[in-house]
Amino acid sequence: MRLSPLKSQTKTRAKNIVDLLRSMGFKVSTPREGDLCLESYLECCGQVLRLVFFDGRYTDDLVIKVTPEVGGCEDALYAPKGLYIIGGPDNEVAERIVQKAKFLSATLRSVSS
């Protein structure tokens with residue numbers, strides 16, 4: 001799969017979503033540009049999870065993957081561990097990130113126990 005350069009709207013929305021997560025009390029790193037995605041790290045429930053922001057391929061929807069995996073953008077797309085969020089207003093996306101991060105953190109804790 002060939003990814004195209006990020007839209008400026010994706011960069012703006014990623015920053016807004018990270019700011020919303022911070023306002024909710026979470027520790028989140030500033031999004032930084034990777035190879036055709038933006039990535040940030042979220043601390044949730046004792047786990048550090050990677051947030052990977054992509055442009056929607058056929059729409060203007062923002063696609064976010066919450067994953068424990070580390071690697072490049074394309075690696076994140078195909079990594080088996082992680083949950084996706086597709087589209088929606090920034091405040092709803094931030095809430096869904098928190099829900100999925102909590103679920104993923106609990107799953108990772110139960111697997112490692």
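Below or above, wherever it landed, is the structure these notes cover. This one's a predicted model, so the numbers in the text were calculated from it and none came from an experiment.

**Remarks on the overall build of the chain**
Secondary structure summary: the chain contains three helices and six strands in total. Of the regular secondary structure in the chain, the N- to C-terminal order runs α-β-β-β-β-β-α-β-α. On C-alpha atoms alone, the chain measures out to a radius of gyration of 13 Å, which is about the 13 Å that the 2.2 N^0.38 rule sets for 113 residues. Along the longest, intermediate and shortest principal axes, the C-alpha atoms of the chain span 40 × 30 × 20 Å. Expressed as a percentage of the 113 residues in the chain, the buried residues total 41%.

**Description of the state of the cysteines**
For the structure shown, the criterion picks out one disulfide. The side chain of Cys37 participates in a disulfide bridge whose partner is Cys73; the two sulfur atoms lie 2.0 Å from each other. With the S-S dihedral at roughly -75°, the linkage between Cys37 and Cys73 falls on the left-handed side. Here Cys73 lies in helix α2 (residues 73-78) and Cys37 lies in the loop between β2 (32-33) and β3 (38-44), a separation of 36 residues in the sequence. Given a relative accessible area of 1%, Cys73 falls into the buried group. Here Cys44 is not cross-linked by a disulfide; its sulfur's nearest cysteine counterpart is in Cys45, at 3.5 Å.

**Overview of the environment of Lys7**
Its location among the elements puts Lys7 in the segment before α1 (8-23). As a C-alpha pair, Lys7 and Phe54 span 47 residues in sequence and 9.2 Å in three-dimensional space. Sequence-distant contacts of Lys7, defined by excluding residues within four places in its chain, comprise Asp55, Gly56, Thr59 and Asp60.

Calculation criteria
- Every residue gets a number counted from 1 within its own chain, in the order that chain's sequence is written.
- Reporting in this predicted model follows two pLDDT cut-offs: at least 70 for local features of residues, and 80 or more for side-chain atom pairs to be given and counted; totals over whole chains, interfaces and linings ignore these cut-offs and use all residues.
- Excluded from the side-chain calculations are hydrogens and water; all other atoms, namely the structure's heavy atoms, are used.
- For helices the rule is a DSSP run of H or I covering at least 4 residues; for strands it is a run of E covering at least 2, with both sets numbered from the N terminus onward.
- Radius of gyration means the value over C-alpha atoms here, while the globule rule gives 2.2 Å times the residue count to the 0.38 power.
- Only protein chains enter the accessibility calculation, which uses a 1.4 Å probe; a residue whose area is less than 20% of its type maximum is buried, one above 50% is exposed, and one in between is partly exposed.
- Throughout, disulfides are identified as pairs of cysteine sulfur atoms within 2.5 Å of each other.
- Only heavy atoms enter the contact rule, under which two residues are in contact if any of them lie within 4.5 Å.

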